[in-house]
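# Coordinate analysis (summary)
Here are the chains, one letter per residue:
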Amino acid sequence: MTVTTAARGTPRRRVHRSAGALFVAPFLILFLLLFLAPLGYAAYLSLFQEQLIGGTAFVGLDNYVTALKDPLLLHGVGRVALFFVIQVPLMLLLALVFALALDSGLLRLARVIRLGIFVPYAVPSVVAALMWGYLYGPDFGPFAQLSRKLDLPAPQFLTDGWMLGSLANIVTWEFVGYNMIILYAALRTVPQDLYEAAAMDGAGAWRIAWSIKLPALRPALLLTLLFSVIGSFQLFNEPNLLMKTAPDVITSSYTANLYAYSLAFTGQQVNYAATVSFLLGLVIVIASYAVLLTANRRRAS
């Protein structure tokens, strides 16, 4: 009887084991075809260089050595890093304030306010950049027209000194609602018993927010920070669209991602563009790891 039961149970165990592999297989296949295969092909392209005489030749790591000395790439990465330092803290602070305000339950029409803050994220970045480009316009924009009616100089949002801040404003407008939803969802998972116990001990709203809500938000804040690192160093749509409005300020190498795109599709330097893209990915990995390492050290201390 025992042997018969074991014999019957063996095929079932095999079916259960294979079922998991079957469920995971579609993801693995798509991950291989849409991510690993293009990544491997780009790595292959980065090791070659197209020459006027002799065609495509294997150059090894020469493209990477050239890229590390390329001032256009270095300036683009530095500009994006400065953008990250300026824009991300402000964006996450606004998202945190909105999430705490919505979770407090003191706001009237909270659903309408939450939807209004989130709606800009639903607007495609191309549309957002075109809209803000119109608002920033020094000749036809509403800010410029209002300044002229008040006999004031038109604000120069698209000049070299203001451009980085103008881009930061667009990205902040787009993604505050997205980050707010993540933080608000994390707040909704906090047990109400903690709030009730703190209120019975005499803690006010500010004390509850500081001692209970903010510690509970640390994983969500870390997640939004990682997303912001990746998004900032991949900045492309906004400067690419504003480049036509301010061509003297935004060049083809204004950001590293825009530089790689220009090399590949304008300069027809596919091999060097693959090299720049790989180095940009390496920068993103290092920055993300630095953020994780810093967060883990603070948590451990």
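## Quick word on the overall build of the protein chain
Counting its regular elements, the protein chain contains 13 helices and two strands. For 301 residues, the compact-globule estimate of 2.2 N^0.38 gives 19 Å, and the protein chain exceeds it by more than 25% at 26 Å. Counting only C-alpha atoms and orienting by the principal axes, one finds that the protein chain spans roughly 85 × 65 × 35 Å. For the protein chain, the residues scored as buried account for 34% of the 301 residues in total. For the protein chain, restricting intrachain contacts to residue pairs at least 6 apart in sequence, the fraction spanning at least 24 positions comes to 66%. For the protein chain, the exposed area adds up to about 19000 Å²; of that, 68% sits on carbon and sulfur atoms.

## A word on the environment of Trp-132
You can see Trp-132 is positioned in helix α5 (residues 125–136). Sequence-wise, Trp-132 and Ile-170 are 38 residues apart; in three dimensions their C-alpha atoms are separated by 6.9 Å. Among all residues touching Trp-132, those that are not within four sequence positions of it are Asn-169, Ile-170 and Trp-173.

## Brief notes about the pattern of salt bridges
On inspection of all chains with the given rule, the structure shows two salt bridges. Residues Asp-103 and Arg-188 are paired through a salt bridge, measuring 3.1 Å at the closest nitrogen-oxygen approach. Within this pair, whereas Asp-103 is found in helix α3 (residues 71–104), its partner Arg-188 is found in helix α7 (residues 163–188), the two being separated by 85 residues in sequence. A residue is classified by how much of its surface remains accessible, and Asp-103, at 10% relative accessible area, is buried. Close ionic contact of Lys-213 with Asp-103 constitutes a salt bridge, the shortest N to O distance being 3.0 Å. Here Lys-213 is found in helix α9 (residues 205–216), whereas its partner Asp-103 is found in helix α3, with 110 residues between them in sequence. Take Lys-213 and Asp-103: they sit in the same class, and that class is buried.

## Focus on helix α12 (residues 256–265)
Counting buried residues along α12, seven of its ten residues qualify, which places the element largely inside the surrounding structure. Those residues of α12 lying buried are Ala-256, Leu-258, Tyr-259, Ala-260, Ser-262, Leu-263 and Ala-264.

## Digging into the side chain of Ser-166
Counting through the fold element by element, Ser-166 comes out in helix α7. You can call Ser-166 buried: its relative accessible area is 2%. The contacts of Ser-166, once residues within four sequence positions are left out, are Tyr-136 and Phe-157.

## Here's the deal with the confidence of the model for the protein chain
Taken residue by residue, the protein chain gives an average pLDDT of 86. The fraction at 70 or more is 93%. Helix α1 (residues 2–45) is the least confidently modelled element of the protein chain, averaging 75 in pLDDT, while α7 averages 94, the highest of any element.

## Let's talk about α3
Spanning 34 residues, α3 covers 49 Å between terminal C-alpha atoms, matching the ideal 50 Å at 1.5 Å per step. The largest bend in α3 amounts to roughly 30° and is located at Gln-87, with the proline Pro-89 lying one to four residues further along. Immediately downstream of α3, the backbone of Gly-105 shows phi near 80°, a positive value.

## Points about the packing of α7 against helix α10 (residues 218–233)
Packed helices, taken two at a time, are described by their axes: the angle between them and the distance between them. The interhelical angle for the contact between α7 and α10, taken along N-to-C directions, is 160°, at an axis separation of 9 Å. Classified by the interaxial angle, the pair formed by α7 and α10 is roughly antiparallel. By crossing handedness, the relation of α7 to α10 is classed as right-handed. Contacts from Tyr-178, Asn-179, Ile-182, Leu-183 and Ala-186 in α7 reach Ala-220, Leu-221, Leu-223, Thr-224, Phe-227 and Ser-228 in α10.

Thresholds, definitions, all that
- Position labels on residues start from 1 in each chain and follow its written sequence.
- Given that the model is predicted, a residue must reach a pLDDT of at least 70 before its local features are reported, and side-chain atom pairs must reach 80 or more before they are shown or counted; all residues, however, enter totals for whole chains, interfaces and linings.
- Side-chain measures here rest on the full set of heavy atoms in the structure, leaving out hydrogens and waters.
- Runs of E in the DSSP output that reach at least two residues are strands. Runs of H or I that reach at least four are helices, and both are numbered from the N terminus.
- As defined in this context, the radius of gyration uses C-alpha atoms, and a globule is described by 2.2 Å times the residue total to the power 0.38.
- Only protein chains enter the accessibility calculation, which uses a 1.4 Å probe. A residue is then buried if its area is under 20% of the maximum for its type, exposed if over 50%, and partly exposed in between.
- Residue contacts follow a heavy-atom distance rule, with two residues in contact if any of their heavy atoms lie within 4.5 Å.
- Accessible surface is estimated by sampling points in the Shrake-Rupley manner with a 1.4 Å probe; for residues, cover comes only from the protein chains shown.
- Definition used for salt bridges: Asp or Glu carboxyl oxygen within 4 Å of a side-chain nitrogen of Lys or Arg.
- Known as pLDDT, the predictor's per-residue confidence is scaled from 0 to 100.
- The length a helix should cover is 1.5 Å for every residue beyond the first.
- Here the bend at a residue means the angle between the axes of two seven-residue stretches, the one that ends at it and the one that starts at it.
- Each axis is a line fitted through C-alpha atoms, and for a helix only the stretch in contact is used; angles between axes span 0 to 180 degrees, taken between their N-to-C directions.
- Here is the rule for angles: anything less than 35 degrees is roughly parallel, anything more than 145 is roughly antiparallel, 65 through 115 is roughly perpendicular, and the remaining ranges are oblique.
- Here is the rule for handedness: rotate from the far helix to the near one, and if that takes an anticlockwise turn smaller than a right angle the crossing is left-handed, while a clockwise turn gives right-handed.

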